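Spelled out from the first residue to the last, the chains are:
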Amino acid sequence: MFALMRNSERSYQLKILLIISLLSILLVGITFLAAAQELTADEIITRRDQNEYVIKAYSESKMIIKNSGRTMVKTMRSWQDGEKALVVFTNPRDRGTKFLKRGDNLWMFFPQAEDLVKISGHMLEQGMMGSDFSYQDMLESDDLTELYNFKLLGEEKYKGRPVYKLEGIKVPGKEVSYYRRVVWIDKERFVGLKEELYAESGRLLKEAVVLEVDKIEGRWYPVRMIMENKLRKNTSTEFIIQKINFNPELPEDIFTLERLR
Amino acid sequence: MFFLKMAFKNLTRHKRRTLITALIIAFAILIYIMTEGLMIGMTEMSFNNIINLESGHLQVAKKSYWEDRKELPLDNLISPTEELENKIEKTTGFKAMTKRLNFSVRLNNGIDELPVTGVGIDLGQDRKVFRLNKYLVKGRMPREGSSEIIMGTKLAELMGFKNGDYAILLFRTDEDTFNTIDGEIVGLFNTPHPSLNESSVFLPLSTAQSRLNVEDKISHYAIRLTEQDQAIPAAEELNSRLKDPYHAYSWKDAAQSLVTMLEMQEIETQVILAIILTLAAVGIINTVILSALERMEELGMMKALGMHEREIVYTFMLEAAGIGIIGGSMGIIMGVIGLAIFNINGIDMSALTAGGDMTYGFPLKGTIYAGWELNSFIFVFLYGVFISILASVFPALWAARKDPVKAIYHR
């Protein structure tokens, strides 16, 4: 009897618990949905950056560079910690070529010549290792909401995924390469799927398209993308991340010039 | 008078030997005159190219701009004011001035990109200072306010452009933001200044200013004077009136590296001349020794009859001077003929460089002509005679100091 009573009491408690939890899930869901609908352009960008902006990582990647019918494949390993990054090429032709980025400075090391070069001035405008990514692109800071005024252009479908389409116009007085950028961001995963970069005259300069996203360590991350320089025909650079680890053990002193040699 | 007569007779005694020795000197002088003529010609043409196409006689820029001008920066530009322009106009010998804005451009043809210099020109004034419009081989100059551009035939060829095509100019504004101009190529030029043909694109100043977001700013003023020689004093005079940060630079400041290079070349020419004339001097020494040996008995006899050593030395020196004068005259005649041929036909630089466009660092191309300078003719003639006399002194002394008895019975 006692036990029965206790049992019914328990089931009653369970019911309440169930209702409460259901309610709360619903409530959270509704607020989440509401919040999602009312996300400002800046918030969307920030949420994308939370996914895409990497503070600390180790990755192994591949770059397929196509230029007027010629195809080059470069593989690399890279380490990153905040403002510092190191890239070491592993394909036979460029094996041992290294890039070191520390803040706004970029160095390159050529193993054959045992030569260390600081990349500056006009060299920054060149495509990195013949790709469509310029050295300048590598150096540019990622805090886009400070450099651009973003505006939500609308919501649409892109390759079957619901997306936000946003437009960013340069904040007057800020020194950035691209005057205007248009981004397509996945509404559910908050990953950029496509980006167009424009000159002040309105001409499309570069276009980046994400071909594949993957959930890595709980976050959606673009793992295959293609970059095209729209001013040059028949060139494209495909970038494939084969392995990425967001919380690696970084060797000590890895980001020093001494280690670069 | 006696020595003179004897020296002359000695010269005519062995006409062939005299002639050959004189020829050595003549050739040395010919080489010098030709080299010098070529140098003068190249120097003048290079300077003219720089003045007529690149810098004008004077340039006014901010000091901080001038230091990094090769980097084509967009900071430290000048905001034109009437006050500044009035000051410039008051320069002695002032003829005209124009505004220019230089910036770094990546010229794009849809396939390749090439870094070039973009030059915004004030179309109304530019032709009063520069001669660019004279070298247009196709089309016309751009129109004010349009996106029309002109470039060198060499650059157009390299990028596969024809007159009437559109070229994309990609550059960064003063806030480092990319901007583009779809430039319609309305003219092609072929100047004697190679780097201008290969790496410059000209467009209207106002277009450049608005696309670079620099308002009405310019990188420098270029000024033409009535006389080229006035440039350096005029720069000094203007500087005494200009306030910091503005500064006037003469075309020589603009072509500093070229001026230094030419000075080095001048030294080189002198060294070559010295070596050639030293070789000629050996020829003279040889000739004097030979004639002394030949005339040993004669000399002994003259000494026995009371001729002084000094007088014998004079005779030989006069003889050598004669060879020098004959050689020098021949050399100058040959040189003048050579230079005349050179000046009528000109020398095709591409023949010198085996069809290539190598210019040995000179800002000139195509056919070059030699320059003339009377001073260098006089100098080289006197130098030739002097070397001849100098070379004869020692062998003459050697011959004159012989004991007359031993000289007569020297066998």
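Residues numbered from 1 in each chain as written. Chains lettered and ligands numbered in written order. Predicted model: local features only at pLDDT ≥ 70, side-chain atom pairs only at ≥ 80, totals over all residues. Heavy atoms only, no water.

A.B. asks: Describe in detail the interface of chain B and chain A, supporting the description with residues and values.
C.D. replies: In this assembly, 22 residues from chain B lie in contact with 21 residues from chain A. When chain B packs against chain A, close to 1800 Å² is buried across both sides, 41% of that on carbon and sulfur atoms. For the chain B face of the interface with chain A, the top three residues by lost area are B:Glu175, B:Thr177 and B:Phe178, together amounting to 28%. The interface formed by chain B and chain A contains three salt bridges. (Contact = heavy atoms within 4.5 Å. Buried area = accessible area lost by both parts, 1.4 Å probe. Salt bridge = Lys/Arg side-chain N within 4 Å of Asp/Glu carboxyl O.)

A.B. asks: Could you give an account of unusual backbone geometry, naming the residues involved and the relevant values?
C.D. replies: The linkage connecting B:Asp244 with the following residue, B:Pro245, adopts the cis geometry, with an omega of 5 degrees. For B:Pro245, the position within the fold is in the loop between α9 (231–241) and β10 (246–250). With phi around 50 degrees, A:Lys159 is a residue other than glycine that occupies positive phi space. Relative to the helices and strands, A:Lys159 resides in the loop between β7 (148–158) and β8 (161–170). In this model, B:Glu215 sits at a positive phi of 55 degrees, which is unusual for a non-glycine residue. Considering the arrangement of structural elements, one finds B:Glu215 in the loop between α8 (205–211) and β9 (220–225). B:Glu215 sits in the exposed class, given a relative accessible area of 63%. (Helix = DSSP H or I, 4+ residues; strand = E, 2+ residues; numbered from the N terminus. Buried < 20%, exposed > 50% of the residue type's maximum accessible area, 1.4 Å probe, protein only.)

A.B. asks: Describe the environment of B:Asp165, and please don't skip the residues or the numbers.
C.D. replies: Residue and element names in this part refer to chain B. The topology assignment puts Asp165 in the loop between α6 (153–159) and β6 (166–172). As a C-alpha pair, Asp165 and Gln125 span 40 residues in sequence and 26 Å in three-dimensional space. Residue contacts for Asp165: discarding those within four places in its chain leaves Gly160, Gly183, Glu184 and Ile185. Separated by 2.8 Å, the side chain of Asp165 and the backbone nitrogen of Lys162 make a polar contact. (Polar contact = N/O pair within 3.5 Å; in protein donor to acceptor, adjacent residues only side chain to side chain.)

A.B. asks: Please give an account of helix α13 (residues 309–345) of chain B that cites residues and values.
C.D. replies: The terminal C-alpha atoms of α13(B), which comprises 37 residues, lie 53 Å apart, in line with the 54 Å expected from a rise of 1.5 Å per residue. Once α13(B) ends, the next one or two residues include B:Gly346, with phi positive near 75 degrees. (Expected span 1.5 Å × (residues − 1).)

A.B. asks: I'd like a description of the nonpolar core, backed by residues and values.
C.D. replies: Residues and elements named next belong to chain B. In this structure, Leu107, Met151 and Leu169 are the most contacted members of the largest nonpolar core, which totals 55 residues. Of the residues forming this core, the biggest block, five residues, is contributed by strand β2 (residues 94–108). Split by domain, this core shows at least three residues from each of two domains, domain 1 (2–49 + 258–408) and domain 2 (77–244). Core analysis: the second largest hydrophobic core is formed by 36 residues, Ala28, Val313, Ile387 and Ala399 among them. (Core = buried A, V, L, I, M, F, W, Y, C linked by side-chain atoms within 4.5 Å. Domains from an automatic or database assignment.)

A.B. asks: Please set out the pairing of strand β9 (residues 180–186) of chain A residue by residue, giving values where relevant.
C.D. replies: Residue and element names in this part refer to chain A. In terms of residue burial, β9 counts as a mostly covered element, since six of its seven residues are buried. In this structure, β8 lies alongside β9, joined through seven bridges in antiparallel fashion. By the bridge assignment, Gly168 is partnered in β9 with Arg181. Note: β9 against strand β10 (residues 192–198), six bridges, orientation antiparallel. The partner of Trp184 across the bridge, within β10, is Lys194. Hairpin connection of β9 to β10: five residues between the antiparallel strands, including Phe190 at a positive phi of 55 degrees. (Pairing = 2+ DSSP bridges.)

A.B. asks: How would you explain the packing of helix α2 (residues 15–55) of chain B against α13(B) if you had to name every residue and give the values?
C.D. replies: Residues and elements named next belong to chain B. Contact geometry for α2 and α13: axes closest at 7 Å, N-to-C directions at 40 degrees. Classified by the angle their axes make, α2 and α13 are oblique. Here α2 runs over α13; the crossing is right-handed. Of the residues belonging to the contact of α2 with α13, the class tally is 18 nonpolar, nine polar and no charged. (Axes fitted to C-alpha atoms, helices over the stretch in contact; angles between N-to-C directions. Parallel < 35°, antiparallel > 145°, perpendicular 65-115°, else oblique. Left-handed = near helix turned anticlockwise from the far one by under 90°. Nonpolar A, V, L, I, M, F, W, Y, C, P; charged D, E, K, R; others polar.)

A.B. asks: Which residues make up the UniProt feature "transmembrane region" (unreviewed entry) in chain B, and what values do they have?
C.D. replies: All names here are of chain B. Per the UniProt record, "transmembrane region" (unreviewed entry) is found at residues 20–42, 271–293, 314–342 and 377–400. The span residues 314–342 is 100% helical and 0% strand by assignment, and the distance between its end C-alpha atoms comes to 40 Å. Measuring from the first to the last C-alpha atom of residues 377–400 gives 34 Å, for a span that is 100% helix and 0% strand. (UniProt positions renumbered as here; feature names shortened; annotations may be inferred.)

A.B. asks: Account for the pairing of β9(B), with residues named and values stated.
C.D. replies: Residue and element names in this part refer to chain B. A large share of β9 lies buried, amounting to six of its six residues. Of the two faces of β9, the one lined by His220, Ala222 and Arg224 and the one lined by Tyr221, Ile223 and Leu225 are each fully buried. In terms of strand pairing, strand β1 (residues 58–62) meets β9 through three bridges, oriented antiparallel. Paired with Leu58 across the bridge in β9 is Ile223. As paired strands, β2 and β9 are joined by six bridges and run antiparallel to one another. Within the sheet, the bridge partner assigned to Met97 lies in β9 and is Ile223.

A.B. asks: Please provide a residue-by-residue account of the domain arrangement of chain B, values included.
C.D. replies: Per the domain assignment, the segments making up chain B are domain 1 (2–49 + 258–408) and domain 2 (77–244). In this structure, domain 1 of chain B and domain 2 of chain B have C-alpha centres spaced 49 Å apart.

A.B. asks: Break down the packing of aromatic side chains for me, with residues and values.
C.D. replies: Two aromatic rings, taken as a pair, are described by how far apart their centres are and by the angle between their planes. Tallying each qualifying case throughout the model produces 14 aromatic pairs over all chains. Taken together, a centroid distance of 5.9 Å and an interplanar angle of 65 degrees make the contact between A:Phe89 and A:Phe99 edge-to-face. With A:Phe89 in strand β3 (residues 84–89) and A:Phe99 in strand β4 (residues 98–102), this pair connects stretches of sequence that are 10 residues apart. Taking relative accessible area as the criterion, A:Phe99 reaches 1% and is therefore assigned buried. Each ring, one from B:Trp66 and one from B:Tyr249, has its centre 3.9 Å from the other, and the planes form 5 degrees; the classification is stacked. On the criterion of sequence distance, the pair formed by B:Trp66 in helix α3 (residues 63–67) and B:Tyr249 in strand β10 is long-range, its members being 183 residues apart. Comparing B:Trp66 with B:Tyr249 shows no difference in burial state: the two are buried. A network of ring pairs unites the aromatic residues B:Tyr32, B:Phe379 and B:Tyr383 as a single cluster. The ring of A:Phe190 carries the charged tip of A:Arg47 above its face, separated from the ring centre by 4.1 Å. (Phe/Tyr/Trp six-rings, centres within 6.5 Å; stacked < 30°, edge-to-face > 60°. Lys NZ or Arg CZ within 6 Å of the ring centre and 35° of its normal.)

A.B. asks: Please provide a residue-by-residue account of the pattern of salt bridges, values included.
C.D. replies: Working definition: two side chains of opposite charge can pair if their charged atoms are close together. Taken as a whole and judged by the stated rule, the model has 30 salt bridges over all chains. For A:Arg203, the salt bridge goes to B:Asp182, with nearest N and O atoms at 2.8 Å. Here B:Asp182 lies in strand β7 (residues 178–189) and A:Arg203 lies in the loop between β10 and β11 (204–216), a pairing that spans two chains. Since its relative accessible area comes to 35%, B:Asp182 is described here as partly exposed. The salt bridge involving B:Glu319 is made with B:Arg295; its shortest N-O contact spans 3.2 Å. Residue B:Glu319 is located in helix α13, and its partner B:Arg295 is located in the loop between α11 (256–294) and α12 (296–304); the two are separated by 24 residues in the primary sequence. Owing to a relative accessible area of 6%, B:Glu319 belongs among the buried residues under this scheme.

A.B. asks: Which residues make up the confidence of the model for chain A, and what values do they have?
C.D. replies: Summarising the model, chain A shows a mean pLDDT of 83, and 84% of its residues fall at 70 or more. The low-confidence segment residues 1–5 of chain A (pLDDT under 50) makes zero contacts with residues lying over four places distant or belonging to another chain. (pLDDT = per-residue confidence, 0-100.)

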